[in-house]
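Descriptive structure summary
Read off the chains here:
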Amino acid sequence: MNRNSPKYVIASFLCLSLLLTGVVAWIDHSPEPEPYLIPELHARFDPLRPGYGATDYPGNAAADVPKSYAKILIAELERTRNGLSVDLPNLAPQAGRWLLDNSDLDKDGVVGWGVPIAWDAYGDGSENPANTAYTISTAITVQALLDWMEQDPNSPGPQILAKVDEALRPFVDPEMRTPAGLLPYSFVETDRQYDTFNPAAYLAGELQRFSLITPDKGFAAALRGAADDTVQALLDYKMVNPETGSWYWRYSVQENVSNDLPHASYIIHGLLNYIRYEGELSAQIDFDAVLAHIKEFEAPASADREGYIRGWPLLQENIERSARTYDIGMALSLLCNLNYSPELSRKMISELVKYKTEDGAYLKYPVGSEYADPLVVNEYEAYLYRGVVACEAAKSRNLKDSVTSVRLSDTTNEFAPGADNNQVIPFVRPFSGEGRVELIATPAAISVVHDGSSLSFEATELPLAIFPTGNGNLSITRTLPDDRLLLKLLSSDGSETSLVSITASADTQPMLRAARLVGQTLYLVYYDNIAQGNFLERYLVRDGEIQRDGKLITLPLLLDPAGGTYEMIPWVDVLASDNAVHIVGGTLNARIIGDVVEEGRMDGCHKIIEAVATPSGPAALCLAAEGAAEPYFVVAPSGVNVPRIQSGVVPYNLSFRRGSLSIKHADDPDSYREMLLFDIERIQQNGWLEYGISNAEARIPWSQIYYLNGFLDFIYLAERNDNMADMIGDIVPGIRRRLDLEMAIIDQHWREGRFQTRAFTIDRSPALFAVQTSRLLLLMDRYLNELQAPVELEGYGTLLQAVHCLEDHIDTLAYGVEPLHWLSGETANLRWEKGGKFYFDGVAVPFNHQNEWAYSVLETRSSSSCPEAEQAAIQIIKHFQRRIAPDGELPANGVWDYWWGTAYDGWQASDGISINKPEYPGDHIKAWISFRSIDAMSNLAASTVLPEWIKENLLRSASYLVASGKLYPFVNYELTKHGEPAVLKPIVAMRYARINSPWDLQSAAWAYLALANEAD
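As the structure is a computational prediction, the values presented were derived from the model and not from experiment.

Attention now goes to the nonpolar core. In terms of nonpolar packing, the biggest core is built from 275 residues, with Leu168, Ile294 and Trp853 touching the most fellow members. If you tally residues by element for this core, the top one is helix α14 (residues 699-720), at 13 residues. Excluding residues that lie within four positions of it along the chain, Leu168 makes contacts with Val142, Leu203, Glu206, Leu207, Phe210, Phe219 and Leu223. Listed in part, the 35 residues of the second largest apolar core include Val428, Leu455, Leu462 and Leu480.

Using the criterion set out here, one finds 46 aromatic pairs in the structure. On the numbers, 4.9 Å between centres and 80° between planes, the contact of Phe840 with Tyr920 is edge-to-face. Taken together, the positions of Phe840 in the loop between β30 (828-832) and β31 (843-844) and Tyr920 in the loop between α21 (902-905) and α22 (929-942) put the pair 80 residues apart, joining distant regions of the chain. The exposure classification of Phe840 matches that of Tyr920, with both residues buried. Relative to Phe880, the ring of Phe847 lies with its centre 5.3 Å away and its plane at 85°, an arrangement referred to as edge-to-face. With Phe847 in helix α19 (residues 847-859) and Phe880 in helix α20 (residues 868-883), this residue pair connects regions lying 33 residues apart in the sequence. The two residues Phe847 and Phe880 agree in class, both being buried. Pairwise contacts between aromatic rings join Phe760, Phe769, Trp832, Phe838, Tyr839, Phe840, Tyr898, Trp899, Trp907, Tyr920 and Phe931 into one cluster. Directly above the ring of Phe219 sits Arg169, whose terminal nitrogen or CZ lies 3.9 Å from the centroid. The ring of Trp247 carries Lys238 above its face, with NZ or CZ at 4.7 Å from the centroid.

All right, on to the packing of helix α2 (residues 66-81) against helix α3 (residues 92-101) then. Between α2 and α3, the least distance of the axes is 8 Å, while the angle of their chain directions is 145°. You can see that α2 and α3 cross each other, and the crossing is left-handed. Taken together, the residues of α3 that come into contact with α2 (itself represented by Pro66, Tyr69, Ala70, Leu73 and Glu76) are Ala92, Ala95, Gly96, Trp98 and Leu99. When its residues are assigned to classes, the contact of α2 with α3 shows eight nonpolar, one polar and one charged.

This paragraph deals with the sheet that holds strand β22 (residues 588-593). Read from one edge of the open sheet, four strands run β20-β21-β22-β23, paired in antiparallel fashion. Two strands bound the open sheet, and with one partner strand each, they are β20 (572-576) and β23 (596-598). Between one strand and the next, the sheet's axes are offset by a mean angle of 25°, whatever the strand orientation. Sheet topology note: the β20/strand β21 (residues 581-585) ladder contains five bridges and is antiparallel. Within β21, the residue paired with Asp573 across the bridge is Val584.

The next thing to look at is the pairing of strand β16 (residues 521-528). Regular strands place side chains that alternate from one sheet face to the opposite one. Buried residues dominate β16, accounting for eight of its eight residues. Note that strand β15 (residues 511-518) and β16 share seven bridges and pair antiparallel. Residue pairing across strands places Arg516 opposite Tyr523, the latter belonging to β16. The pairing of β16 with strand β17 (residues 533-542) spans eight bridges and is classified as antiparallel. Looking across to β17, one finds that Leu522 is bridged to Tyr539. Here β16 folds back onto β17, and the loop between the two strands holds four residues, one of which, Gln532, carries a positive phi near 55°.

A word on the state of the cysteines. Counted by the stated rule, this structure contains three disulfides. In this model Cys336 forms its disulfide with Cys391; the gap between the sulfur atoms is 2.0 Å. Here the disulfide of Cys336 and Cys391 is right-handed, its torsion about the S-S bond being about 80°. One end of the pair, Cys336, is in helix α10 (residues 325-338); the other, Cys391, is in helix α12 (residues 378-396), with 55 residues separating them in the sequence. We classify Cys336 as buried; its relative accessible area is 2%. Given the relative accessible area of 1%, Cys391 is considered buried. Covalent S-S linkage joins Cys805 and Cys866, the inter-sulfur distance amounting to 1.9 Å. With the S-S bond torsion at 125°, the cross-link from Cys805 to Cys866 turns out right-handed. Here Cys805 is found in helix α18 (residues 796-805), whereas its partner Cys866 is found in the loop between α19 and α20, with 61 residues between them in sequence. Each bonded cysteine in the protein chain gets a number by its place in the sequence, and the pairs come out as 1-2, 3-4, 5-6.

Here the focus is the pattern of salt bridges. By the definition in use, this model includes 57 salt bridges. Across the salt bridge formed by Arg49 and Asp64, the nearest N and O atoms sit 2.7 Å from each other. Taken together, the residues span a long stretch of sequence, with Arg49 in the loop between α1 (38-42) and β1 (52-54) and Asp64 in strand β2 (residues 62-64) at a distance of 15 residues. Judged by its relative accessible area of 36%, Arg49 falls in the partly exposed class. For Asp64, a relative accessible area of 16% gives the class buried. If you follow the salt bridges from partner to partner, you end up with Asp147, Glu150, Glu206 and Arg209 in one network.

Once that is clear, we can look at the layout of surface pockets. When its volume is computed, the second largest pocket comes out at roughly 1100 Å³. As for the second largest pocket, its lining consists of 42 residues, and the residues nearest its centre are Gln532, Thr565, Tyr566, Phe760 and Tyr898. Elements supplying a minimum of two residues to the lining of the second largest pocket: α14, α17 (770-786), α19 and α22. Looking at the lining of the second largest pocket, the element that brings in the most residues is α14, giving three residues. When the residues that make up the lining of the second largest pocket are grouped by side-chain class, the tally is 25 nonpolar, ten polar and seven charged.

Relative to the elements of secondary structure, Gly53 occurs in strand β1. Judged by relative accessible area, Gly53 falls into the buried class, the value being 11%. In this structure, the C-alpha to C-alpha distance between Gly53 and Ala63, residues ten residues apart in sequence, is 5.5 Å. The residues contacting Gly53, other than those within four sequence positions of it, are Ala61, Ala62, Ala63 and Asn378.

This next bit is on α12. Taking 1.5 Å per residue as the helical rise, α12 with its 19 residues ought to reach 27 Å, and the 26 Å between its terminal C-alpha atoms agrees with that figure. The buried fraction of α12 amounts to 19 of the 19 residues, a majority that puts the element mostly inside the structure.

How each quantity is defined
Just so you know, the residues in each chain are numbered from 1, in the order the chain's sequence is written. This being a predicted model, a pLDDT of at least 70 is required before a residue's local features are given, and a value of 80 or more before pairs of side-chain atoms are given or counted; all residues contribute to the totals for chains, interfaces and linings. Water and hydrogen atoms were dropped before computing side-chain values, which therefore reflect all heavy atoms in the structure. The criterion is simple. A nonpolar core is a set of buried Ala, Val, Leu, Ile, Met, Phe, Trp, Tyr and Cys residues joined through side-chain atoms within 4.5 Å. To sort residues, take the accessible area from a 1.4 Å probe on protein chains only and compare it with the maximum for the residue type: under 20% means buried, over 50% means exposed, and anything in between is partly exposed. Under the DSSP-based scheme used, a helix requires at least four consecutive residues in state H or I and a strand at least two consecutive residues in state E, with every element numbered from the N terminus. Residues count as neighbours in contact if any of their non-hydrogen atoms are within 4.5 Å of one another. Note on aromatic contacts: the rings of Phe and Tyr and the six-membered ring of Trp form a pair at centre separations within 6.5 Å, being stacked when their planes are under 30 degrees apart, edge-to-face when over 60 apart, and tilted otherwise. For a Lys NZ or an Arg CZ to count as sitting over a ring, it must be within 6 Å of the ring centre and within 35 degrees of the ring normal. Angles run from 0 to 180 degrees between N-to-C directions of axes, and those axes are lines fitted to C-alpha atoms, restricted for helices to the stretch in contact. Each crossing is labelled by how the near helix is turned from the far one, with a counterclockwise turn of less than a right angle marking it left-handed and a clockwise turn marking it right-handed. Residues are grouped as follows: Ala, Val, Leu, Ile, Met, Phe, Trp, Tyr, Cys and Pro are nonpolar; Asp, Glu, Lys and Arg are charged; every other residue, Gly included, is polar. DSSP bridges decide pairing: two strands pair if at least two such bridges lie between them. Two cysteine sulfurs form a disulfide in these notes if their separation is within 2.5 Å. By definition here, a salt bridge exists when the distance from a side-chain nitrogen of Lys or Arg to a carboxyl oxygen of Asp or Glu is within 4 Å. Think of a 1 Å grid over the protein atoms and nothing else: a 1.4 Å probe that fits but is trapped marks a cavity, an open set flanked by protein within 12 Å on at least five of seven lines marks a pocket, and residues with an atom within 4 Å of a point count as lining. Grid points are joined across faces, edges and corners, and a volume is the space filled by probe spheres set on the points. In a helix, the anticipated span is given by 1.5 Å times the number of residues less one.

Written out as C-alpha cells, the structure is:
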C-alpha cells in the first residue's frame, strides 16, 4: 500500500474552535512576525476551477479533486467570515457549486465523492474505478457543504440539504459496516473487509451533525446509531502511549502501524465533531488525551538534524520522514481552530519556507528531499491554504496593540448602601449658564433652587428647561405619566401667566431635543416619532404671552452613524451668532433665516460632541471617524483660532470667551470626574434624560435602560476598582439616588400597563415586544440583586412571568416553521405571527430580538409556569452560533447579519408569508453595533449552560471585539462576571468617554474605568 498517497485526505473543519477544559491555550504568537501567506496561497488556485491541478497519483495528471474543492470552500468561508484579505475574490461559491454539480461522477446512481483515478486502495488487487465514492472524500465534502449552508445565507441551502441527505443515507444501512463495526472505507465489498479508523471517525462526526438537522426522526436515529457504532469501535481499539498517556490508533485493525499526521488529525477531528454535536458516547472520550497525540509529531533537534515536523509520530521509530504540506495543512487547521499548542503551530508555519519554490509554489515535501521528486499538488496546497486561513483567523483575534486590561477585585468597596431619603434629584440642570442649581422633590412638588431663588412645579411636571425673561421665567415641562410637553410663562412670583401645549403628529407626544431663548424668541427643537424627524418651532414671548412665530420647520437629517431611524439620538443644540440662529447636532450645521433652512455640515465630523456660538457661526468639538489617529478635533468658522487638542487626552467644555475658543483637557481623575458631571448635566433635557418617560414611543428599552445600566455599571466598577472609587466615589450616592427614583417609576409604568409601546405596530395599537420586556427584566433583576436595600419593585414577579411565558406579547415561541436549511424542524425561535400587528408579521424575529429574550430567561430564575423557556433559550443561542459564531467564535471583523430565515431571503405575494408585508426583497443589512453587543452579551450569559469550550471561545473572541471597539465597551460587564479582565484599547476608551446621548452612558462607564487605571 502506498503510504505517501493522499488516499484519505479530508477537509479539516471550519471554525470549530473547540476548547475542551484543560486543553486550550490562548494563541500567543512569538514576537517575530510570521509571514502572511493567504494572498500567495489564494493565487495558486484558478478562480473558475480552484480544485483542479496536478494530483499525487501515478503520472501526476491534472484533474478535479473533490477534496480540494471542499478544502477551498471551508477555507474561503472562514476567510470571508473573519474579514481576512477582503480584496481577494471569494472562491467559495465556485467550489461549492462544483461539489453539488459533480456528486455522482462514476454514474452509479449513488451520491458521493471520491478520487479521479482508478485505484487499488489496499493493494489487494481489487482496483476501484475512477471516481468511486470514498468515505473520506464524502465526509469532507459533507462537512464543507453543511458549513456553506450554515455560514453563508446566500448558499443554495435547499439543494445542499437534499444532496447531503442522499449522500448519507447509504451509510445507515447495517450492512455497510466493517467487521469491527466501523463505517466502511467505501461501499465496495472488498474495501469493507478492512477496519480503517480515520475515514470512519471523520464521517461519524458528520453523521452525528446531520442527525440534528434532518427532520426525518427515523433517519436521525439511524445516523446516530451508525456514529455510535463507529465511536464504540474506536474506544475498543484505542492505544495509549505509555510515555505520554495520549490516545492514538493504528491505521487499521489489520495493521501494526500508527496513523501519519493527517490521518491522526482526521480521527481527532471526527471525535471532536461527535462530541460537539452531542454524541451519546461523548463522556467516554478523553479528548485531552486524544488531542495530546498531535504533539508527538514534532521531532526535537538532534546532533545531526534540526527539529522538524514528522510525517509519523515519534513512537513510530522506523519512519523518520518529514511531513507533507498536506499533513501540515490538516494539522494547522486543527491546532489553530482549537487554539491548542501555539508553539507547535508556530513551528509548523516556520517549516513552510522549506517547502516553497522560487515561483511561490509549495512542494509535497521539503525542497531537496532525497526520498521524493519535487512535486506541487493542488490538493496539498488546498489543505495548506485551509490551515493557513485557520491560523490567520486565530491570530486576527489577538490584541496586537496596547490594551488597557483591568481585572476587577473580588472584594467590594462599600458604596450606595441604600436609599438615604435625600430629596434632591441629582444631575439635572434646567437653568443654563453659571450658578448653583438644585432640584428637590417631595410628594407634592418639585422645587428648582437657582442662586438662592426657588421655583415650584407640580410633582407630575418635570422642569426640563427654564429661561429667565427679565420679569419672570419661561419653562418647558414634561408631564408624568402622559409625556405632554408644555410651555409655561411664569411671573416673578411664580404664578402662571401663559400656557402652550406643544404638539406633534396626532397620537404621539413630542420629545424635547433642544431649546434656546434668543431675545424674545424661543427656538425649540423636538422629535416626532411618527414623522421620524426633528422639527423646529418658534415662539414669541412678550407682554406676558406666548405665541407661535412662523411656520413649523422640518429640519434636515442629523445623520447619526447608526442610520436614519436614529434621528432622536444625537445631542442637539440651538446657537445664536451675530446674524443667524443655527441648529447643530449629528453632523448638521443648519442656518435658520426666517422660515428658510440652509443646510450645512461640519466638515469631517463623524458626530458633533459639543458646539458653541461664535460671532460668525458655530464652532464644534467633533468625534473623528474611526481609524483616525486622534479621536477628537475642533471645527470653527474661518477666522476663528482653533484650540490645540493635546494627544492622549479627552477634550471637553468647548467655550468661546473674549473673542477666542478654549477647551479643557481631561487627563487625571479630577478632570475625568468633572467631565463626567459636565456631560450628564448638559445632554438630553439638561440631565433629565428619559426620567419618568412612558414607553409609548419605546424610549424606556432603547434609551433609559441603557443609561440606568450605565449607572449600575458605575456603581459596580466603583465597588470593585479602587481607582474608580477614588475618582467617582463622592458622586456614587447621587447615582444610587437617581437609580432608586427612576426604577420606582419604571416599575409603576409596568404595573399600570404603560410599558406597552405603540411605536412599532401598523395601527399604533399598544403591544409588548419580547426584546423590550426582556431588557426590562434584566435591568430589574440586576438592580434587585446587585444593590443593597433596593427599592421594592412590585412588578418584578409579573414581569418575570410575562417574559418567560411571553404572556400578552406580540411575539410567540415556535419550533421550526422556518425553511429547513435555515433552522432544523424542532429548533425554538421567536416569531411575529401572521396576521399580527407588526409590520413584518409571519416571520421569525431578528437575531438580537430572540437572543435578548434568551439572555433574560437564562439570567433570571425559572418561571414554574413555563419550564420550557430555558431549553428554548438554549436552542436559540445555539442557532445563533451555528449561523454566526461556530462554537462561540464571533467573527473577528465584528460583522454579521441582522436577520435570518425567510426575512433574509425575502418573499413574493404568491408565497403567502405575510399579510402586512405581502412581498419583501429580503433584509441583508449587517447588524449595527448595538445589536451585535446584545448578541454578544446574550451568548456570554448563556455560556454558563453551554459546553466549556464554547464559553472559552466566546470570552476570547468577545474580548477582542470589545477591546477593538467592534462591540460596545459595556459588553465588558459580562466578561468581568465570568472572571475576565475589562479590556479596551486606549483610543477606544477615549472615543467612548464623551457622553453625547443618554445611551452613551453605559459605554462611558467602562471607558472611565480604562482611563482611571491608565491615569494611575
